[in-house]
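Results of the structural survey
Listed below are the residues making up each chain.
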Amino acid sequence: MFGFFKKVLGKTTESIQEIVPKKSDKISKELLEEVLLEADVTYELVEELLYYMPPSDMVSRKDVKRVLLAYFIDVKKEEEKEAKPFVDLIFGINGAGKTTTIAKLAYHYRLNKNQSVILAASDTFRAAAIEQLKRWADIIKVQIVATQQ
Ligand SMILES: Nc1nc2c(ncn2[C@@H]2O[C@H](COP(=O)(O)OP(=O)(O)OP(=O)(O)O)[C@@H](O)[C@H]2O)c(=O)[nH]1
Ligand SMILES: [Mg+2]
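Because the structure is a prediction, the values reported are computed rather than measured.

Among all positions in helix 3 (residues 29-38), only K29, L32, V35 and L36 are buried. Within helix 3, the buried residues cover an arc of 125° as seen down the axis, which keeps them to one side. Across from the buried face of helix 3, at angles greater than 90 degrees, the exposed residues are E30 and E38.

Below is the structure:
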């Protein structure tokens, strides 16, 4: 049932499955809130997700699936990424976690998809931005193109 989420929310679904016994079909909203927050889902989004759940204290796997799915309606289908090369555009406010996410994606593509990844350090302005990306490239063993700050 949670196949789709396993792909996009690996760790989060694992946490949910760990605490919801296989036979049980319900999870308390309180516990669901805890799991989502521990999985780094922002407080605002957790509040919003809970708002769209049914009014009862316990929610079913079906409800969780329905509500979470609505948030991933725009997730690109895997096939769309088959064309090579492709570029992912990541954007967000300062310190939101863009670079870390880029490293996670690059690692995922290299390891799980067996794709060839190349990082390009294009933030030549922020202090240590190039160093930060170089460090990630080194850790996850992907190529990087970088120049001077
Ligand atoms: N808890 C948690 N911390 C994270 C996550 N992603 C990034 N961080 C931390 O948040 C801080 C900023 O992450 P970066 O990836 O450098 O953020 P950024 O958006 O690239 O930052 P700028 O390039 O300065 O705008 C770092 O200390 C990361 O370790 C995450 O998913 N969870
Ligand atoms: Mg960054």
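This paragraph deals with the site of ligand 1. The full set of residues close to ligand 1 is D40, N94, G95, A96, G97, K98, T99, T100, K104, R126 and Q132. The backbone of A96 places a nitrogen or oxygen atom 3.2 Å from an oxygen atom of ligand 1. Protein chains bury 58% of the 650 Å² of accessible surface belonging to ligand 1 in isolation. Element by element, the count of residues in the shell around ligand 1 is highest for helix 6 (residues 98-111), at 4 residues. In terms of residue class, the shell around ligand 1 is built from 1 nonpolar, 6 polar and 4 charged.

Viewed as axis vectors pointing N to C, helix 3 and helix 4 (residues 43-51) meet at an angle of 150°, and their least axial separation amounts to 10 Å. By the angle between their axes, helix 3 is roughly antiparallel relative to helix 4. Between helix 3 and helix 4 lies a crossing whose hand is right-handed. Side by side, helix 3 and helix 4 meet where K29, L32, E33, L36 and L37 of the first sit next to Y43, V46, E47, L49 and L50 of the second.

Moving on, we get to a negative patch on the surface. Taken together, the side chains of E30, E34, E38 and D57 define an acidic patch exposed on the protein surface. Within the fold, E38 resides in helix 3. Relative accessible area serves as the criterion here: at 66%, E38 is assigned to the exposed category.

Pairing between side chains becomes possible if they bear opposite charge and their charged atoms approach one another. Inspection of the entire model under this criterion finds 2 salt bridges. Here K134 and E131 are joined by a salt bridge, their closest N and O atoms 4.0 Å apart. One end of the pair is K134 and the other is E131, both in helix 7 (residues 129-140) and 3 residues apart, which spans about a single turn.

Time to look at the nonpolar core. One finds I27, L32, L36, V41, V46, L49, L50, M53, V59, V64, V67 and L68 forming the largest nonpolar core, which totals 12 residues. Of all the elements in the fold, those that place two or more residues in this core are helix 3, helix 4 and helix 5 (61-70). Apart from the residues lying within four places of it in its own chain, the contact partners of L49 are L36, V67, L68 and Y71. Y109, A137, I140 and V142 belong to the second-largest nonpolar core, a separate cluster that totals 11 residues.

What counts and how
- Residues numbered from 1 in each chain as written.
- Chains lettered and ligands numbered in written order.
- Predicted model: local features only at pLDDT ≥ 70, side-chain atom pairs only at ≥ 80, totals over all residues.
- Heavy atoms only, no water.
- Buried < 20%, exposed > 50% of the residue type's maximum accessible area, 1.4 Å probe, protein only.
- Helix = DSSP H or I, 4+ residues; strand = E, 2+ residues; numbered from the N terminus.
- Arc of directions from axis to C-beta.
- Near = heavy atom within 4 Å.
- Polar contact = N/O pair within 3.5 Å; in protein donor to acceptor, adjacent residues only side chain to side chain.
- Areas by Shrake-Rupley, 256 points an atom, 1.4 Å probe, with all protein chains shown as cover.
- Nonpolar A, V, L, I, M, F, W, Y, C, P; charged D, E, K, R; others polar.
- Axes fitted to C-alpha atoms, helices over the stretch in contact; angles between N-to-C directions.
- Parallel < 35°, antiparallel > 145°, perpendicular 65-115°, else oblique.
- Left-handed = near helix turned anticlockwise from the far one by under 90°.
- Contact = heavy atoms within 4.5 Å.
- Patch = residues over 30% accessible without salt bridge, like charges linked within 9 Å, V, L, I, M, F, W, Y side chains within 5 Å.
- Salt bridge = Lys/Arg side-chain N within 4 Å of Asp/Glu carboxyl O.
- Lys, Arg positive; Asp, Glu negative; His and termini not counted.
- Charge placed at Lys NZ, Arg CZ, Asp CG, Glu CD.
- Core = buried A, V, L, I, M, F, W, Y, C linked by side-chain atoms within 4.5 Å.

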